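Each chain is listed here by its residues.
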Amino acid sequence: MHDPGNRVSPEPLAEARGLAARYGGGALAIDGVTFAAQAGRRMALLGPNGGGKTTLFRVLLGELPPAAGELRVAARAATVPQTERSRLDYPVTALDVALMGTIAGLPWWRRPGRAERRLALDALAAVGLREQSGRSFGELSGGQRQRVLVARALVQDAGLLLLDEPFSGVDRPSADLLTGLIDRLAAEGRCVIVATHDVEQARSWDLVLCLNHRQVAFGPPEPTLTREVLEATYGGAIVDLPAGAGPGRAVLPAHHHAH
Amino acid sequence: MPTDAVIATIWGALAAPWQDGTLLRAFAEVALIGAVGGVLGCWIVLYGLSYGAESLAHALFPGLVAAALLGIPIVIGGTAGLIVAALAVAAAGRVPKIGGDTAIAVVVTTMFGLGVLLALSPASPPGVGGLLFGDVLGLSDGDLLLSLVLAVAVLVALRLLHGRLLAVGFDRGSARSLGAAPALVDAALLVLVAVAILVAVQGLGNLLVVAVLIAPAATARLLARRVVPMMAAAAALAVAAGVAGLYLSYYASTAGGASIAAVMVAMYLAALAGTSLRPRIISARA
């Protein structure tokens with residue numbers, strides 16, 4: 001389990017103040033984003049579909065310039081995209097995908113050599129897929145594909161990991177593996193930001209940021225995730241869970257699908 | 001011994017075309033075209049650029065014809081034709097109510113029609129018509145040397161770009177965060193396709209050049225599960241089809257370019273039939 005005592009992290013790896021961003025000349029896609037995430041922290045990014053989660057990731061990756069506010073990213077950021085976005089009929093193995101993480105670190109005329117292959121194989125071993133390194137990416141299960149993309153981010157030597165809804169379409173045992181992996185990545189001193197619809201899981205992490213174009217709330221989950229905050233985040237589309245959970249815990253977004 | 005006689009006859013039939021300098025050059029040209037077309041074709045197939053490659057080939061046609069008429073190198077004419085076509089596509093795309101696809105179709109058809117008009121006009125010298133269907137038997141040593149230089153340049157560029165092409169084709173959205181700029185990679189690939197068309201157009205002709213860029217790679221796609229083996233298979237198939245096409249042309253007195261294209265398409269159909277009849281291992285595992 002993640003041990004809060006191990007965190008040595010006064011300096012945030014990612015810090016934003018009043019951050020806003022837009023595409024082209026359009027309206028602001030996100031606005032008023034203010035947070036600080038230190039090494040060792042797991043931060044849930046909650047919000048409806050189209051609420052700006054992916055936009056915030058693109059700003060953190062440096063792909064989209066801030067339209068207003070301040071942003072400081074003190075580590076290399078890497079994204080773990082949804083696997084539906086990559087082509088499953090593409091002729092690559094798990095190792096080929098992990099090796100894509102070496103592109104930025106090599107001069108443009110150099111191809112990955114033995115050292116890079118070892119790095120990629122080590123990263124696959126770290127996500128428990130060393131044995132599957134030679135298998136086609138498209139043949140792997142959804143959870144395994146997600147872990148291959150985590151391995152690719154590890155090859156990039158990223159301190160800030162951005163996971164875009166990693167649990168969607170992943171079965172229960174794979175989701176548990178992924179949850180354990182997220183805990184370990186954070187415990188090793190990385191900052192892990194996970195865009196998710198799973199409010200219950202968010203409660204077990206260190207920080208939550210609720211985003212519905214504007215930032216609704218940010219902070220540790222326990223005081224932050226109130227019914228009012230979730231209603232503002234999901235536009236009132238929340239349902240009460242039946243008995244069992246304590247007060248203030250009995251809310252989930254209506255479009256949430258159980259895993 | 002009758003078997004010896006049979007072997008000698010077959011050997012004689014296979015060796016006969018190689019006695020001829022013209023055919024020797026033709027064999028060298030199809031080997032170059034096959035290597036470049038097979039390897040580059042893999043990216044064309046994986047990027048879904050088949051329509052784009054065909055458009056590119058037709059759009060640079062009037063440039064080729066103009067160069068042949070003016071007596072300047074066809075590389076210069078082809079490049080000029082491409083620039084004119086690109087500007088025309090951009091301009092047509094700006095006209096309201098004309099979509100991108102329509103703009104390309106209109107420009108490409110216009111350019112190609114213009115080229116055909118020039119090439120087939122009675123005033124044009126007879127060799128110009130060869131640009132349409134190719135003249136693999138009419139190559140000079142200079143043509144061959146130019147093909148060699150361009151072919152090597154394309155293969156070297158593809159090797160340098162390999163990792164970036166792989167990453168962008170896999171997932172365009174996250175490629176930038178990996179350090180591969182999709183727009184740059186796309187542009188580089190299109191430039192290489194244009195160069196490959198210039199290499200192949202003299203041998204295969206403008207109408208058939210697309211066959212070598214697509215058919216061997218599409219065939220290899222059915223057989224290989226990784227990109228590099230796919231490229232090796234595509235290049236081998238393309239060279240084999242080129243050589244087989246030349247034999248066909250030699251003994252059946254058919255047009256060289258058309259024979260090669262026919263063998264390539266036949267190969268694809270055979271591979272498609274073969275993989276369709278085989279139990280679908282991959283889809284069963286997914």
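Note: the structure precedes this text.
Residues numbered from 1 in each chain as written. Chains lettered and ligands numbered in written order. Predicted model: local features only at pLDDT ≥ 70, side-chain atom pairs only at ≥ 80, totals over all residues.

(A) Spatial organisation of the overall build of chain B. Helix and strand counts for chain B stand at 14 helices and 0 strands. Against the 2.2 N^0.38 benchmark of 19 Å for 286 residues, chain B shows a C-alpha radius of gyration of 20 Å, consistent with a compact globule. Structurally, chain B occupies a C-alpha span of about 75 × 60 × 30 Å along its principal axes. Buried positions account for 44% of the 286 residues belonging to chain B. Taking all contacts inside chain B whose residues are at least 6 apart in sequence as the whole, residues at least 24 apart take part in 70%. (Helix = DSSP H or I, 4+ residues; strand = E, 2+ residues; numbered from the N terminus. Rg over C-alpha atoms; globule rule 2.2 N^0.38 Å. Buried ≥ 20, exposed ≤ 12 C-beta atoms within 10 Å, placed from the backbone. Contact = placed C-beta atoms within 7 Å.)

(B) Local environment of the environment of G50(A). With respect to the helices, strands and loops of the structure, G50(A) is situated in the loop between strand 3 (42–46) and helix 1 (53–60). When the C-alpha positions of G50(A) and H213(A) are compared, they lie 8.3 Å apart, and in sequence the two are 163 residues distant.

(C) Quick peek at the environment of S136(A). Position of S136(A) among the secondary structure elements: in the loop between helix 3 (114–126) and helix 4 (142–155). Along the backbone, S136(A) and P221(A) are 85 residues apart, and their C-alpha atoms lie at a distance of 39 Å. With near-sequence residues (within four places) excluded, S136(A) lies in contact with T93(A) and R225(B).

(D) Representation of the interface of chain B and chain A within the structure. Facing 23 residues of chain B, the contacting portion of chain A comprises 24 residues. Breaking the side of chain B that touches chain A down by element, the ones donating at least two residues are helix 8 (141–170), helix 9 (172–178) and helix 12 (227–252) of chain B. Considering each element in turn, the side of chain B that touches chain A owes the most residues, 8 residues, to helix 8 of chain B. Residue composition of the side of chain B that touches chain A, grouped by class: 10 nonpolar, 7 polar and 6 charged. (Nonpolar A, V, L, I, M, F, W, Y, C, P; charged D, E, K, R; others polar.)

(E) View of helix 13 (residues 256–277) of chain B. For helix 13 of chain B, with 22 residues, the first-to-last C-alpha span of 32 Å sits near the 32 Å given by 1.5 Å per residue. Within the sequence span of helix 13 of chain B, burial applies to G256(B), G257(B), S259(B), I260(B), A261(B), A262(B), V263(B), M264(B), M267(B) and Y268(B). (Expected span 1.5 Å × (residues − 1).)

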